Amino acid sequence: MSLIPFHFAQPKADKISFTSARDLPTLPASMSSKTFKLAALAGDGIGPEVMREAIKVLRAVEKRFSLQFDITEAPVGWAGIDAAGKALPDATLELCRKSDSILFGSVGLPDRDPTIPKEERPERAALLRLRKEFSLFANLRPVKLYKQLAHACPLSLERQGNGIDVLVVRELTGGMYFGQPKKTEQVSPGVMRAIDTMVYTTPEIERIAHVAFKAAQLRRKKVTSIDKANVLENGVLWRDVVTTVSKHYPDVALEHMFVDNGAMQLMLKPTQFDVMLCENMFGDILSDEAAALAGSLGMLPSASLGATNGNQTFGFYEPAGGTAPDIAGKNLANPIAQILSVALMLRYSFGLNDAANAIDDAVTKAIASGLRTGDIYSAADATAKKVGTREMGDAIAAGV
Ligand code: IPM
Ligand code: MG
């Protein structure tokens, strides 16, 4: 059995193997002596302070499990522009190429956007560029509402049922984000026209569908495929291809849902979902909506996976929330999403499941003990204790 949950032998999607997460064997001795080379790109806003806590936790893991991580920090986003004139400086990209995985913070400071052309802004010039550069086509966003945080969920207890636990699998390198032509042009005096193109090919849909079905096999064995087949050509192809791929997974139930209904169902009955399979833009929108159900964007990690080499998968790990400039540098940010992203990295890229479990458990313990950053704090909860970014990181590192 492969240690790696995902094995992407690109471009043949049917070569993907995907083994269980929590119950994988520990790493063989041959791999535990390896030094894992990581690029840590903290970026802007709250990025640096949550990254600091994530690295603290990683160092605790290193000690407890006798692992070695060679972590090199480099600027990206506005930090990259300020340091080297570009959102993705050449040296940062070079570092990523030499690394086993990328730990990413967040980029973008909307207030500064008007000062440079849109193509040079961090979202396009750094984030989207890295996704394309490393073919990170599979974006996994687990949305889980912790029992103790039920108060932070906008839905009534009744609608929360026995707990919300959804995995959004988002296609990340195709669709409207990257389709050509993409341009703004003048069609007549005073009239502009903007064009974005939504385009998908069969292999692109196949490979992300395989990821969703394999993920569902390890969960509650249900895939809800999201599309707009009643209007879009892309939706019709998406639905056909996903249906064909589903034949390889007779143990997984497949349902199709229009994206507008999907958005509504997430609010009405989120417990009906296990894995939601989405194209790029629908996944962008629905994953933020789903994230709200977990009480705070500060709780949500994400993994963007690319190719597998030997028994390692190159991945890009980032919190789902943004740069939150309003609270940056004030020790207010919730570091949990960044810390859980480290756990996803250990699991998906390196097969270090014991270490990943130790982080997940330490986070659960910190929450159970009542520690809360402002975003998940409720004065109504007598056992809750409001803490800062640093204190939350310390507690989780100690819990490892
Ligand atoms: C996300 C973000 C990005 C996206 C932005 C920052 C470009 O919203 O990762 O969901 O749209 O993909
Ligand atoms: Mg988004």
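Sequence positions are assigned chain by chain, starting from 1 and proceeding in written order. Numbering of ligands from 1 and lettering of chains from A proceed in the order in which they are written. Under the rules for a predicted model, residues below a pLDDT of 70 receive no local features and side-chain atom pairs below 80 are neither given nor counted, while totals for whole chains, interfaces and linings still include all residues. To get the side-chain values, take all heavy atoms of the structure and skip hydrogens and water.

**Section: the packing of helix 7 (residues 202–217) against helix 8 (residues 233–246)**
Next up, step 1: The angle between two axes is taken between their N-to-C directions and runs from 0 to 180 degrees, where each axis is a line fitted to C-alpha atoms and a helix contributes only its stretch in contact. Each helix corresponds to a stretch of at least 4 residues labelled H or I by DSSP, and each strand to a stretch of at least 2 residues labelled E; elements are numbered beginning at the N terminus. At a minimum axis separation of 9 Å, helix 7 and helix 8 run at an interaxial angle of 50°. By the angle between their directions, the pair helix 7 and helix 8 is classed as oblique. In terms of crossing hand, the pair formed by helix 7 and helix 8 is right-handed. On helix 8, the residues that touch Thr202, Ile205, Glu206, Ile208, Ala209, His210 and Phe213 of helix 7 are Leu237, Trp238, Val241, Val242, Val245 and Ser246.
Next up, step 2: Under the convention adopted here, Pro, Cys and the residues Ala, Val, Leu, Ile, Met, Phe, Trp and Tyr are nonpolar, Asp, Glu, Lys and Arg are charged, and Gly plus all remaining residues are polar. In terms of residue class, the contact of helix 7 with helix 8 is built from nine nonpolar, three polar and one charged. To sort the angles, those under 35 degrees are grouped as roughly parallel, those over 145 as roughly antiparallel, those from 65 to 115 as roughly perpendicular, and the leftovers as oblique. Note on convention: near helix rotated counterclockwise from far helix by under a right angle means a left-handed crossing. Clockwise means right-handed. Only heavy atoms matter for contacts: two residues are in contact if any of them lie within 4.5 Å across the pair.

**Looking at the pairing of strand 8 (residues 222–227)**
Next up, step 1: Accessible area is worked out with a 1.4 Å probe on protein chains only. A residue is then buried under 20% of its type maximum, exposed over 50%, and partly exposed in between. Of all six residues that make up strand 8, five are buried, and the element is covered over most of its length.
Next up, step 2: Strands pair, by our definition, only if DSSP identifies at least two bridges between them. Taken together, the six bridges between strand 8 and strand 9 (residues 253–258) define a ladder with parallel strand orientation. Pairing of Val223 across the sheet is with Leu254, part of strand 9.
Next up, step 3: By the criterion used throughout, a crossover qualifies as right-handed when its path from the first strand across the helix to the second strand runs clockwise, the strands pointing away from the viewer. Crossover handedness for the path strand 8 to helix 8 to strand 9: right-handed.
Next up, step 4: Note that strand 8 and strand 10 (residues 275–278) share three bridges and pair parallel. From the neighbouring strand, Thr224 faces strand 10, where its bridge partner is Met276.

**Notes on the site of ligand 1**
Next up, step 1: We call a residue near a given molecule or strand whenever any one of its heavy atoms falls within 4 Å of it. The full set of residues close to ligand 1 is Glu123, Leu127, Arg131, Arg141, Arg170, Tyr177 and Asp284.
Next up, step 2: Think of a polar contact as two N or O atoms within 3.5 Å of one another; within protein, one of them needs to be a possible hydrogen donor and the other a possible acceptor, and neighboring residues in sequence only count if both atoms come from side chains. Within the contact set of ligand 1, an oxygen atom lies 2.7 Å away from a side-chain nitrogen or oxygen of Arg131.
Next up, step 3: Take Asp284: an N or O atom from its side chain is 2.9 Å from an oxygen atom of ligand 1.
Next up, step 4: Its free accessible area being 320 Å², ligand 1 has 74% of it covered by the protein chains.
Next up, step 5: Per-element tally for the shell around ligand 1: the top contributor is helix 5 (residues 122–133), with three residues.
Next up, step 6: Considering only residue class, the shell around ligand 1 consists of two nonpolar, no polar and five charged. What sets the accessible areas is the Shrake-Rupley method with a 1.4 Å probe; for residues, cover comes only from the shown protein chains.

**Some details on the sheet that holds strand 8**
Next up, step 1: Within the open sheet, the ten strands sit side by side as 2-1-3-12-11-4-5-10-8-9. Their pairing is mixed. Taken across any chain shown, the strands that pair with only one partner, and hence form the sheet edges, are strand 2 (68–73) and strand 9. For this sheet the average axis-to-axis angle between neighbouring strands, irrespective of direction, equals 20°.
Next up, step 2: Those strands touched by helix 2 (residues 47–65) are strand 1 (35–43), strand 2 and strand 3 (101–106), and its axis lies near 165° from that of strand 2.

**Overview of the nonpolar core**
Next up, step 1: The criterion is simple. A nonpolar core is a set of buried Ala, Val, Leu, Ile, Met, Phe, Trp, Tyr and Cys residues joined through side-chain atoms within 4.5 Å. Core analysis: the biggest nonpolar cluster contains 91 residues, and Phe69, Val169, Leu277, Leu346, Ile359, Val363 and Ile396 have the highest contact counts within it.
Next up, step 2: Top contributing element to this core by residue count: helix 11 (residues 336–348), with nine residues.
Next up, step 3: Residues within four places of Val363 in sequence aside, it is in contact with Tyr146, Ile336, Ile339, Leu340 and Ile396.
Next up, step 4: Grouped together as the second largest cluster of nonpolar side chains are 24 residues, Leu95, Ile102, Phe134 and Phe314 included.

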